[in-house]
Amino acid sequence: SFNVGGWHIISLDSTSQFSQTSAGSPQYQWLQNDLAANNSACTLAYFHHPVRSIGPQGDTPRMTGIWALLAQHGADLVLTAHDHNYQRWVPLDANGTPNPNGVTQFVVGTGGHSSQDLVRSDSRVAVSHKDYGALRLDLNQAGASYRFQTRTGATVDSGSLTCSSGADVVPPTAPTGLTATPHGSSWPVAKAWGLVPSRLACQIVPSPRLAQY
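Residues numbered from 1 in each chain as written. Predicted model: local features only at pLDDT ≥ 70, side-chain atom pairs only at ≥ 80, totals over all residues. Heavy atoms only, no water.

A. Focus on the sheet that holds strand β7 (residues 125–129). Taken in spatial order, the seven strands make up an open sheet running β1-β2-β3-β4-β6-β5-β7, and their pairing is mixed. Sheet topology places β1 (2–4) and β7 at the edges, where each strand pairs with a single neighbour. Direction aside, neighbouring strands of the sheet carry axes that sit 15 degrees apart on average. In the sheet, strand β5 (residues 86–89) pairs with strand β6 (residues 104–108) via three bridges, with the strands oriented antiparallel. Bridging across to β6, Y86 finds its partner in V108. Sheet contacts for helix α1 (residues 26–36): β2 (7–11) and β3 (42–46); angle to β2, the most-contacted strand, approximately 175 degrees. (Pairing = 2+ DSSP bridges. Helix = DSSP H or I, 4+ residues; strand = E, 2+ residues; numbered from the N terminus. Axes fitted to C-alpha atoms, helices over the stretch in contact; angles between N-to-C directions. Contact = heavy atoms within 4.5 Å.)

The structure is reproduced here in structure tokens:
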């Protein structure tokens, strides 16, 4: 893995020969530690076999544990190939359920060796295509833009995504039993609370002035 331009880039072995994809394997443990130490706003992982695919090669069940680990740590993009077609999946969580804060998987096996049909459908696939072509990714510090073009120059798929900036954050529950007493005045006091980056904010607002604590 390495860091560049605000992105943490991870290369993984998805083959079955070395048994490096299951929980407890050296690669899995390495990835767990690597993700725990990752402070980048955006994360991209790439490996050969797609976790999910509607092409003839199909899904790769041995990669579901790796996928769950990436999703739990807020990874944004997964690039794969193997099936000789193009697929962009909607963002999925650790269990493969659509979630706007999940991981977006691309299957891009359209390099020219051969093309393969799409043999089934899946509602989680946003766009699919079976002709030769290439995917262009432009990575920035807040996200990425993508465009898949065929060999004739036609744009089949394009768009952008925003990085999730880490694993899903569970919002705190609203505090109870708060009291506020105005000093030296009988002004009414309004209480409000909310979540702001890295801290819990509580405002005590005596009208007509504004005091923030």
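B. Layout of the sheet that holds strand β9 (residues 143–150). Taken in spatial order, the three strands of this open sheet run β8-β9-β10, and their pairing is antiparallel. Each edge of the open sheet carries a strand with a single partner, namely β8 (133–140) and β10 (155–162). On average, each strand axis in the sheet is inclined to that of its neighbour by 10 degrees, with strand direction left out of account. Pairing between β8 and β9: eight bridges, direction antiparallel. Each bridged residue has a counterpart across the sheet, and for N140 the counterpart in β9 is G143.

Distances and angles like these do not, on their own, reveal function.
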